[in-house]
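Listed here are the chains, written in short residue letters.
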Amino acid sequence: TKCESGCVCADGLYENLDGGCVPAEECPCEYGGLAYGRGEQIQTECEICTCTKGKWKCVQKTRCSSTCNLYGEGHITTFDGQRFVFDGNCEYILATDGCSVSRPISSFKIVTENVICGKSGVTCSRSISIYLGNLTIILRDETFAISGENPGVQYKVIKNALHLMFDIIIPGKYNMTLIWNKHMNFFIKISRETQETICGLCGNYNGNMKDDFETRSKYVASNELEFVNSWKENPLCGDVYFVVDPCSKNPYRKAWAEKTCSIINSQVFSACHNKVNRMSYYEACVRDSCGCDIGGDCQCMCDSIAVYAMACLEKGICIDWRTPEFCREF
């Protein structure tokens, strides 16, 4: 009934992100601040989503995987999403099967060996041992060694500039991808074909983070230190009684740590901010940057930022954050 200034699309056409008018079939979809055209797909660990008429149509994958992260100076995110920090100078079982009383035989065991890497007492993962029956893979000193054999296990080693990756198949049981950045970060991505119980510092992988602190003795610990101590591989190691706060021990490093780690909160990662909660990653970065006080401090900081970048990538958001001046690839 009256005229209004401005532009509109003709009947049957819709405005796209560039301000043009397109038919419904050509409407783009948005994810993490990026536009995706008709028919383009994004994948998460459990779904494949296709852009259709401006909306995402998602299909559940037949096999759903989950990832456990061990990074920096004792940060762990379990398969079910529980987070905690520990400092312990010992070997600890990250993940193994054969945890139930009725079936105590394990087909795999992954162990991390922690060593002190700062004057304040913080530890960082330096060595990972993967036991697959008579086959053993040791990750240490930026390389790996394989000994023994197991005809019942298939594995493949993939190398790139930043990572060593191991694709491991235990037929009828597990498909695993192990990713190591040759320093302190280690990721266990696993999908299973059975409901075999898994246990260790990575939790019990039952979809419920509230019972992830299940000890070796099969009860849920009242705190994370009691839980961590129960998964020592060597019972002669001392127990952990407290968690170090490196920034309190090294207050002169705190301002530098907060400044360098602020890239996580900056526009560089803005496309990921509404997909992956950044605060826990920022706090971990500050903690680790304060703690690495006897060399390798920049490596600690870069490793922490890389963990957030990988979490973004898991959500389909690829961030180009490294530069020749900042955490460049060697």
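Residues numbered from 1 in each chain as written. Predicted model: local features only at pLDDT ≥ 70, side-chain atom pairs only at ≥ 80, totals over all residues. Heavy atoms only, no water.

Identification of the protein chain as MUC6 protein from Copsychus sechellarum is taken from an unreviewed UniProt entry.

Colleague: Can you explain the side chain of Asn 69? Please cite residues and give values.
Modeller: By the secondary structure assignment, Asn 69 is in strand β8 (residues 66-71). The exposure class assigned to Asn 69 is buried, which follows from its relative accessible area of 11%. (Helix = DSSP H or I, 4+ residues; strand = E, 2+ residues; numbered from the N terminus. Buried < 20%, exposed > 50% of the residue type's maximum accessible area, 1.4 Å probe, protein only.)

Colleague: Please give an account of the sheet that holds strand β17 (residues 164-170) that cites residues and values.
Modeller: Taken in spatial order, the 7 strands make up an open sheet running β10-β9-β8-β19-β18-β17-β16, and their pairing is antiparallel. Looking at the sheet topology across the chains shown, the edges are occupied by β10 (83-85) and β16 (154-159). Ignoring strand direction, the axes of neighbouring strands in this sheet form an average angle of 10°. Inspection of the sheet shows β16 paired to β17 by 6 bridges, in the antiparallel sense. Bridge pairing in β17 links Tyr 155 to Ile 168. (Pairing = 2+ DSSP bridges. Axes fitted to C-alpha atoms, helices over the stretch in contact; angles between N-to-C directions.)

Colleague: Give a detailed account of the pairing of strand β14 (residues 135-140), specifying residues and quantitative values.
Modeller: Across 5 bridges, β14 lies against strand β15 (residues 143-147) in antiparallel orientation. Note that in β15 the partner of Ile 138 across the bridge is Ala 145. Between β14 and β15, which pair antiparallel in sequence order, lie 2 residues; one of them, Asp 141, sits at a positive phi of approximately 55°.

Colleague: Could you give me a rundown of the side chain of Ser 230, with the residues and numbers involved?
Modeller: Along the chain, Ser 230 turns up in helix α1 (residues 224-230). Side-chain polar atoms of Ser 230 contact the backbone oxygen of Phe 227, separated by 2.7 Å. Discounting residues that sit within four places of it in the chain, Ser 230 has contacts with Thr 215 and Arg 216. (Polar contact = N/O pair within 3.5 Å; in protein donor to acceptor, adjacent residues only side chain to side chain. Contact = heavy atoms within 4.5 Å.)

Colleague: Pulling in residues and values, what's your account of unusual backbone geometry?
Modeller: For Asp 141, which is not glycine, the phi torsion reads 55° and is therefore positive. One can find Asp 141 in the loop between β14 and β15. Taking relative accessible area as the criterion, Asp 141 reaches 66% and is therefore assigned exposed. Its identity is not glycine, yet Glu 142 carries a phi of approximately 65°, on the positive side.

Colleague: How would you summarise the environment of Ser 65 if you had to cite specific residues and measurements?
Modeller: Turning to its location among the elements, Ser 65 is positioned in the loop between β7 (55-60) and β8. Take Ser 65: its relative accessible area is 13%, and that puts it in the buried class. Separated by 241 residues in sequence, Ser 65 and Ala 306 place their C-alpha atoms 21 Å apart.

Colleague: Mind laying out helix α5 (residues 279-291), listing which residues take part and the relevant values?
Modeller: Under the 1.5 Å per step criterion, the end-to-end length of α5 is 18 Å for 13 residues, consistent within 8% with the ideal 18 Å. Of all 13 residues making up α5, 10 are buried, and the element is well covered by its neighbours. Those residues of α5 lying buried are Tyr 281, Tyr 282, Ala 284, Cys 285, Val 286, Arg 287, Asp 288, Ser 289, Cys 290 and Gly 291. (Expected span 1.5 Å × (residues − 1).)

Colleague: Lay out the state of the cysteines with the relevant residues and their values.
Modeller: Disulfide: a covalent bond connecting the sulfur atoms of a pair of cysteines. Summed over the entire model, instances satisfying the criterion amount to 10 disulfides. The disulfide that involves Cys 29 links it to Cys 51, with 2.2 Å between the sulfurs. In this structure, the disulfide formed by Cys 29 and Cys 51 twists by about 90° around the S-S bond and is classed as right-handed. On the criterion of sequence distance, the pair formed by Cys 29 in strand β3 (residues 29-31) and Cys 51 in strand β6 (residues 47-52) is long-range, its members being 22 residues apart. Just as Cys 29 is buried, Cys 51 falls in that class too. With a sulfur-sulfur separation of 2.1 Å, Cys 247 is cross-linked through a disulfide to Cys 290. Note on the Cys 247 and Cys 290 pair: the S-S dihedral is about 90°, so by sign convention the disulfide is right-handed. Placement of the pair is Cys 247 in helix α2 (residues 246-249) and Cys 290 in helix α5, with a sequence separation of 43 residues. On the basis of relative accessibility, which here comes to 0%, the residue Cys 290 falls in the buried class. We note that Cys 27 lacks a disulfide partner, and the nearest cysteine sulfur, in Cys 29, lies 8.4 Å from it. No disulfide involves Cys 318; its sulfur sits 9.6 Å from that of Cys 312, the nearest cysteine. (Disulfide = S-S within 2.5 Å.)

Colleague: Mind laying out the domain arrangement of the protein chain, listing which residues take part and the relevant values?
Modeller: Along its sequence, the protein chain is carved into domain 1 (13-60), domain 2 (65-230) and domain 3 (246-315). The C-alpha-based centres of domain 1 and domain 3 are spaced at 32 Å. Listed as interface residues are 5 residues of domain 1 and, on the opposing side, 5 residues of domain 3. A buried area of about 440 Å², summed over both sides, lies between domain 1 and domain 3, and 47% of it is on carbon and sulfur atoms. (Domains from an automatic or database assignment. Buried area = accessible area lost by both parts, 1.4 Å probe.)

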